[in-house]
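# Tertiary structure, described
Below are the chains, spelled out letter by letter.
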Amino acid sequence: ADEFGVACVITNQVVAANLDGQAMFSGPAVKPIGGNIMAHATTTRVWLRKGRAETRMAKIMASPCLPEAEAPFSISAEGVSEAKE
């Protein structure tokens, strides 16, 4: 990526972390399948989730150069755009 000046996107699936219901208040309800291997292979981690209606949310979870932040967006036939409130 650095040599050619392109961005690389790595995706990871998440699963329910507390399947037995015992640890209801002990952390996030989901965890990444790739675990620490995927976490150490990336620089900036962005969590994508569905918002209200057609809105999606992108949240910067970990980054050495960006603060934690959240931004709404929409996906339509025209592509990715600002979310319509």
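Ordered by their spatial adjacency, four strands build an open sheet running β3-β4-β5-β6, and the pairing between neighbours is antiparallel. The open sheet has two edge strands, β3 (45-50) and β6 (79-82), and neither has a second partner. When strand polarity is set aside, the average angle formed by the axes of neighbouring strands in this sheet is 35°. Pairing analysis gives six bridges linking β3 to strand β4 (residues 55-62), with the strands arranged antiparallel. Within the sheet, the bridge partner assigned to Val46 lies in β4 and is Ile60.

It is worth spelling out the side chain of Thr55 at this point. In this fold, Thr55 is placed in strand β4. Judged by relative accessible area, Thr55 falls into the buried class, the value being 15%. Among all residues touching Thr55, those that are not within four sequence positions of it are Lys50, Pro72, Phe73, Ser74, Ala83 and Lys84.

A word on the layout of surface pockets. A volume near 910 Å³ is recorded for the largest pocket. Looking at the largest pocket, it is lined by 22 residues, and the ones nearest its centre are Ile10, Asn12, Arg45, Val46 and Trp47. Contributing elements (two or more residues each) for the lining of the largest pocket: β2 (30-32), α1 (35-40) and β3. In terms of residue count, the dominant contributor to the lining of the largest pocket is β3 (four residues). Counted by class, the lining of the largest pocket contains 14 nonpolar, six polar and two charged residues.

Reading the values: the criteria
Residues numbered from 1 in each chain as written. Predicted model: local features only at pLDDT ≥ 70, side-chain atom pairs only at ≥ 80, totals over all residues. Heavy atoms only, no water. Pairing = 2+ DSSP bridges. Helix = DSSP H or I, 4+ residues; strand = E, 2+ residues; numbered from the N terminus. Axes fitted to C-alpha atoms, helices over the stretch in contact; angles between N-to-C directions. Buried < 20%, exposed > 50% of the residue type's maximum accessible area, 1.4 Å probe, protein only. Contact = heavy atoms within 4.5 Å. 1 Å grid on protein atoms, 1.4 Å probe; cavity = no way out; pocket = protein on both sides within 12 Å on 5 of 7 lines; lining within 4 Å. Points joined across faces, edges and corners; volume = space filled by probe spheres on them. Nonpolar A, V, L, I, M, F, W, Y, C, P; charged D, E, K, R; others polar.

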